[in-house]
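# Summary of the model geometry
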Amino acid sequence: MAPSVFVTIKCPTWSSLAMFGERNPRLTRSCKDYFNPPKVYGSVHIVNEDLLRLPVGSLKNATMITLLQLLVIAAPIFQVITASDPDPLQDFCVADLTKDLTLNGYPCKRAANTTTEDFIFSGLRNSGNTSVPTGAAAVFGFVQDYPGLNTLGLGIARLDWAPGGLIPPHTHPRGSEIIYVVKGSLYAGFVTTQNQLFARVISKGDVMIFPRGLIHWQLNVGNTTAMAIVTLDSQSPGFQLIANSMFGSDILDEVLVKTFFIDENAVRQLKATFS
Ligand code: MN
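Throughout what follows, the structure given in this document is the object of discussion. By convention here, each chain's residues receive numbers from 1 onward along its written sequence. Per-residue local features are limited, in this predicted model, to residues with pLDDT of at least 70; the limit for side-chain atom pairs, both in listing and counting, is 80 or more; totals at the level of whole chains, interfaces and linings are taken over all residues.

Another aspect to go through is the overall build of the protein. The helix and strand inventory of the protein stands at five helices and 14 strands. For the exposure call, what matters is how many other C-beta atoms sit within 10 Å of a residue's own: 20 or more marks it buried, 12 or fewer exposed, and in between partly exposed, using C-beta atoms placed from the backbone. Burial statistics for the protein: of 275 residues in total, 24% are counted as buried. A helix here means a DSSP run of H or I that spans at least four residues, while a strand means a run of E at least two residues long, and both kinds are numbered starting from the N terminus.

Right under this line is the structure:
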């Protein structure tokens, strides 16, 4: 018996089956034909007029055409989790940084002028300067630093911490982040738009996700330096530090007084710190 793992899909969503009909005549029928009466096509079990049940656990017994059927039928589900950057229309498009930023990325360097070196980045070999008030440093490998990433929907960065150092709360408006802790222990977390907190100490070898756009941070809670590599699903994810944006951007004092319920002296003090 196949494990009882099922995917259910409502009939109106699978217009993509029409494509399939050209290659598999038994799928040329209308959507409703599949549901009435209950039938079995390979491992695709039709259970009633509204729902399909796909026994995912029986895939090892499925023929290739059945696997294809499953992929086509399930396609509408996966459309909602596409990458944040646009898909490329060519193998690569190494950014020509001498040209102005246009539309949604950089113009491509000519393929004939592209070399292996365009795909290699050595900027993460060394730590950034952690002798700063926050005790932490980020070195970015985004498209501006690493032109080979242009159009590929990828970014990378190296993070280093002195003991007690903090990468302060920030967001990446255009990318989700995944961190891999190479050394040390970090109190890492993020807060959702509903102010739900997800945070704990992660250590060497651990990986954690910070979903796109959500406020997150990492504090070194160990006695040694710490180091991590992060990747993001954008060539230009953005890096917006919350405190710096609030107090280092010359917002009218009254806005900050009324936002944080602090007096004007405190606002001036914070502005002096972040400007
Ligand atoms: Mn981050």
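Two strands in a sheet stick together by hydrogen bonds in their backbones, pointing the same way (parallel) or opposite ways (antiparallel). A pair of strands is treated as paired once DSSP finds two or more bridges between them. Spatially, β5-β6-β13-β8-β11 is the arrangement adopted by the five strands of the open sheet, whose pairing is antiparallel. Of all the strands in the sheet, just β5 (136–141) and β11 (207–210) have a single pairing partner and so form its edges. Averaged over neighbouring strand pairs, the angle between their axes works out to 20° when direction is ignored. Bridge analysis of strand β6 (residues 155–161) against strand β13 (residues 226–232) gives seven bridges, and the strand direction is antiparallel. Looking at β13, one finds that Ala-157 is bridged to Val-230. Structural elements are reduced to axes, namely lines fitted to C-alpha atoms, with helices fitted over the stretch in contact, and the angle between N-to-C directions of any two is expressed from 0 to 180 degrees.

Counting residues in each nonpolar core, the largest one holds 27 residues, and the members touching the most others are Val-143, Leu-159, Ile-179, Leu-186, Ala-228 and Val-230. For this core, the secondary structure elements donating two or more residues are β5, β6, β8 (177–183), β9 (185–191), β12 (215–220) and β13. A total of four residues in this core trace back to one element, the largest contributor, which is β13. We define the nonpolar core as any set of buried residues of the types Ala, Val, Leu, Ile, Met, Phe, Trp, Tyr and Cys, connected via C-beta atoms lying within 7 Å of each other.

For the rest of this paragraph, the subject is the environment of Val-221. Here Val-221 lies in the loop between β12 and β13. Taking the number of C-beta atoms within 10 Å as the measure of exposure, Val-221 has 17 and is therefore partly exposed. Spatially, the C-alpha atoms of Val-221 and Pro-163 are 7.0 Å apart, while their sequence positions differ by 58 residues. Once C-beta atoms are placed from the backbone, any two residues with those atoms within 7 Å are in contact. With residues up to four places along the chain from it excluded, the contact list for Val-221 reads Ser-185, Leu-186, Tyr-187 and Val-201.

A few words now on the sheet that holds β12. On the basis of which strands lie adjacent, the open sheet formed by five strands has the order β10-β9-β12-β7-β14 and antiparallel pairing. Of all the strands in the sheet, just β10 (197–203) and β14 (240–241) have a single pairing partner and so form its edges.

For Asp-250, which is not glycine, the phi torsion reads 60° and is therefore positive. Summarising the element assignment, Asp-250 is placed in the loop between α3 (242–247) and α4 (253–260). Positive phi, close to 55°, is recorded for Phe-261, a residue that is not glycine. Locating Phe-261 in the fold gives a position in the loop between α4 and α5 (264–274). The exposed category is assigned to Phe-261, around which 8 C-beta atoms lie within 10 Å.

Bringing α4 into the picture now. Counting buried residues in α4 gives zero out of eight residues, a small share hidden from the surface. Two residues or fewer past α4, Phe-261 is found with a positive phi of approximately 55°.

By themselves these figures say nothing about function.
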